[in-house]
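Breakdown of the fold
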Amino acid sequence: LTDIDQNILYYISGYMVKKLKAASFKSINLRKLETLNNCLATKNPVELNHFVSQYISWVTQQSRGGLLYPIPDFYLLVREFDAIFRDIVCSQALGSNSIINQGRLKLLMSQSPIVKIHWEKILQISNTEEARSKPAFGYLMTLFITLKGFAVAKKERERLQDKLVKRSKSSHTTSKSLR
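Residues numbered from 1 in each chain as written. Predicted model: local features only at pLDDT ≥ 70, side-chain atom pairs only at ≥ 80, totals over all residues. Heavy atoms only, no water.

Here's the deal with the overall build of the protein
The number of helices and strands found in the protein is 8 helices and 2 strands. Going residue by residue from the N terminus, the α and β elements of the protein occur as α-α-α-β-α-β-α-α-α-α. Burial statistics for the protein: of 179 residues in total, 36% are counted as buried. For the protein, long-range pairs separated by at least 24 residues make up 76% of all intrachain contacts whose partners lie at least 6 apart in sequence. In the structure as shown, the protein presents an accessible area of about 11500 Å², 54% of it carried by carbon and sulfur atoms. (Helix = DSSP H or I, 4+ residues; strand = E, 2+ residues; numbered from the N terminus. Buried < 20%, exposed > 50% of the residue type's maximum accessible area, 1.4 Å probe, protein only. Contact = heavy atoms within 4.5 Å. Areas by Shrake-Rupley, 256 points an atom, 1.4 Å probe, with all protein chains shown as cover.)

Written as structure tokens, this is what we have:
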């Protein structure tokens, strides 16, 4: 991943926490996880001696006060989600008619040893039982797949539009007729 990709993932991580907090007002299962929700991100960066702190500056530039700074373990969890998603997308060679199998992606994400390590660290920090955290974990996986799916679809759409524009430009030759 490039630094730009990592900056964007850090930003998305904060967005995901914000969406989880908003969803917890609507869902009874998520509402019970207030301590977990509150430990995932802060309004100000906390750990400045972690390698993740190099991505804080971009979020700070973009923020007008409402963006959240995810804790390093949550960012690393989201980064692993991204790695799994990229592996699946590359192996399937997705095109404009492709459908991403959300169930398979969720299964791969939940079984990943790296995901398990970071989720367990988050649960330790928040003092939350794993069984109680399942609704939040499922919500976060679904949200990430949705966000990433829209991004992939947009990129594919732009690529196809560029192809169409190039074809239409090459097929429009000036006529040499007198009419």
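A word on the pattern of salt bridges
Applying the stated criterion across every chain yields a total of 3 salt bridges. Between Arg86 and Asp82 there is a salt bridge; the shortest N-O distance is 2.7 Å. Of the two residues, Arg86 and Asp82 both sit in helix α5 (residues 72–92), 4 residues apart, roughly one turn of that helix. With its nearest N and O atoms 2.7 Å apart, the salt bridge here joins Lys148 to Asp82. Taken together, the residues Lys148 in helix α8 (residues 130–171) and Asp82 in helix α5 connect sequence positions 66 residues apart. (Salt bridge = Lys/Arg side-chain N within 4 Å of Asp/Glu carboxyl O.)

Some points on helix α1 (residues 3–24)
Taking 1.5 Å of rise per residue, 22 residues should cover 32 Å, and α1 covers 32 Å from first to last C-alpha, within 8% of that figure. Every buried residue of α1 is accounted for by Gln6, Asn7, Leu9, Tyr10, Ser13, Gly14, Met16, Val17, Leu20, Ala23 and Ser24. (Expected span 1.5 Å × (residues − 1).)

That's the geometry; what it means functionally is another story.
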